[in-house]
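# Coordinates in review
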Amino acid sequence: MPSVRAQPASATVPSAPTPPRGATRLAIAVDHRASFCYLPLTIAERLGYFAQEGLDVELREFPDALQSLQAVQGGVAHVLSGSYANTIALQARGHSFQSFVLQGRTPQVVVGVSLETMGHYRSLADLRGRRVGVMTNSAASLRVASLVLGKAGLRASDVQYVPLANPAAAVQAFRRGELDAISSNDLTVTQLEQMGALRVVADTRSTRGTTEVFGGPMPSGCLCVPTAFLTQYPKATQALADAMVHALKWLQTAGPSDLIKAVPERYFQGDRALYLAAFTRVREAWTADGLMPETGPATAARMLAQFEEPGSLQRVDLAQTFTNDFARKSKTRFRA
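Computed from a prediction, not measured in an experiment: that's the story for all the values here.

The next thing to look at is the environment of Glu-58. With respect to the helices, strands and loops of the structure, Glu-58 is situated in strand E2 (residues 55-62). Spatially, the C-alpha atoms of Glu-58 and Ile-28 are 6.2 Å apart, while their sequence positions differ by 30 residues.

What follows is the structure, encoded as structure tokens:
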């Protein structure tokens, strides 16, 4: 495997099972690994599924998605755990990346309005001229908000987007009445709901809600690599896919006690009950088998076309942005 260079420091979590002697060493770049979007990755590490496949995997956490991507492009990591949409945008810019195992089939972003400042809310059109919070570390936050508001005929200039640095800032802004709406994910959304502060108006935690926003299945978190990696290291790629599909299958039946044992304590942010409540809300968001849905790439391309330069995606061959070959073998092996 290619060598990797020094990585930035990340938060410490309890150690995963020790890999076998002679295991293939790999580094996976991820941003905000505590996010529910990447929970299958955490499960594969914590339950020793990577080690079982003969891999010595190091999860390297970066401050945002761009730095995670740059880590793979720059040789600081081998594999990217990120949004499938990256592979489309990268190909449009002349870079060949492919997703080989899908973690999420929905973006898990929710748009909701404040029950305090929008007590009169009747429709999305009521948000004209209002303050809409978006998470600065999530491209999906702004994209989902834009798409949802666009369905009501609202453009970016019709609302005031308020950047939110982290979940704590989002909750505080709601408490102070500084936001009229928000586009965010969990744990933030579930916490605001439990506080009685939020009315959900669009919910991409579910497949139904995702279809309502995007017009079809919207592939989200995945493991992707430069295309050359797949041909150079097919055994390592298959081992990664096997570990991830094993984790996805585990998540289908995992209960509260299972999660508490498997998830690092810091993920709970001091409130296990909140985490478990949010987990219940997002459970439908993960794939059961790691496979890319047939119409998923086209849905992602339509979404991206609304945010990229006109015509920039016309030369993209969607069939070259993913492969189901590895996940299909994993599905058969684990009967996922």
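We now examine the packing of helix H4 (residues 85-92) against helix H13 (residues 296-305). For the pair H4 and H13, interaxial distance at closest approach is 9 Å and the crossing angle is 60°. Judged by the sense of rotation from one axis to the other, the crossing of H4 with H13 is right-handed. Contact residues: Ala-85, Ile-88 and Ala-89 in H4; Pro-297, Ala-300, Ala-301, Met-303 and Leu-304 in H13. Split into classes, the residues belonging to the contact of H4 with H13 amount to eight nonpolar, no polar and no charged.

Attention now moves to the nonpolar core. Counting 51 residues, the largest nonpolar core has Ile-28, Phe-36, Leu-39, Phe-50, Phe-100, Leu-223 and Leu-240 as its most contacted members. In terms of residue count, helix H10 (residues 234-253) provides more of this core than any other element does, 11 residues in total. Sequence-distant contacts of Leu-223, that is, excluding residues within four places in its chain, are made with Ile-28, Leu-41, Val-79, Leu-80, Ser-81, Gln-98, Ser-99, Phe-100, Val-101, Gln-103, Leu-240 and Met-244. Ranked by size, the runner-up nonpolar core spans 46 residues in total, among them Ala-300, Ala-301, Met-303 and Phe-322.

Next up on the list: the pattern of salt bridges. If you walk through the whole model with that rule in mind, you get 20 salt bridges. Between Arg-266 and Glu-61 there is a salt bridge, with its nearest N and O atoms 3.4 Å apart. Placement of the pair is Arg-266 in the loop between helix H11 (256-262) and helix H12 (272-282) and Glu-61 in strand E2, with a sequence separation of 205 residues. Connected through shared salt-bridge partners, Asp-186, Glu-193, Asp-203, Arg-205 and Arg-281 make up one network.

Below, the discussion takes up the pairing of strand E7 (residues 160-164). Where strand E6 (residues 131-135) meets E7, five bridges bridge the pair, whose relative direction is parallel. Within the sheet, the bridge partner assigned to Gly-133 lies in E7 and is Val-162. Handedness of the E6-helix H5 (residues 139-150)-E7 crossover: right-handed.

Cut-off values and rules
- Residues numbered from 1 in each chain as written.
- Predicted model: local features only at pLDDT ≥ 70, side-chain atom pairs only at ≥ 80, totals over all residues.
- Heavy atoms only, no water.
- Helix = DSSP H or I, 4+ residues; strand = E, 2+ residues; numbered from the N terminus.
- Axes fitted to C-alpha atoms, helices over the stretch in contact; angles between N-to-C directions.
- Left-handed = near helix turned anticlockwise from the far one by under 90°.
- Contact = heavy atoms within 4.5 Å.
- Nonpolar A, V, L, I, M, F, W, Y, C, P; charged D, E, K, R; others polar.
- Core = buried A, V, L, I, M, F, W, Y, C linked by side-chain atoms within 4.5 Å.
- Buried < 20%, exposed > 50% of the residue type's maximum accessible area, 1.4 Å probe, protein only.
- Salt bridge = Lys/Arg side-chain N within 4 Å of Asp/Glu carboxyl O.
- Pairing = 2+ DSSP bridges.
- Right-handed = clockwise from strand over helix to strand, strands pointing away.

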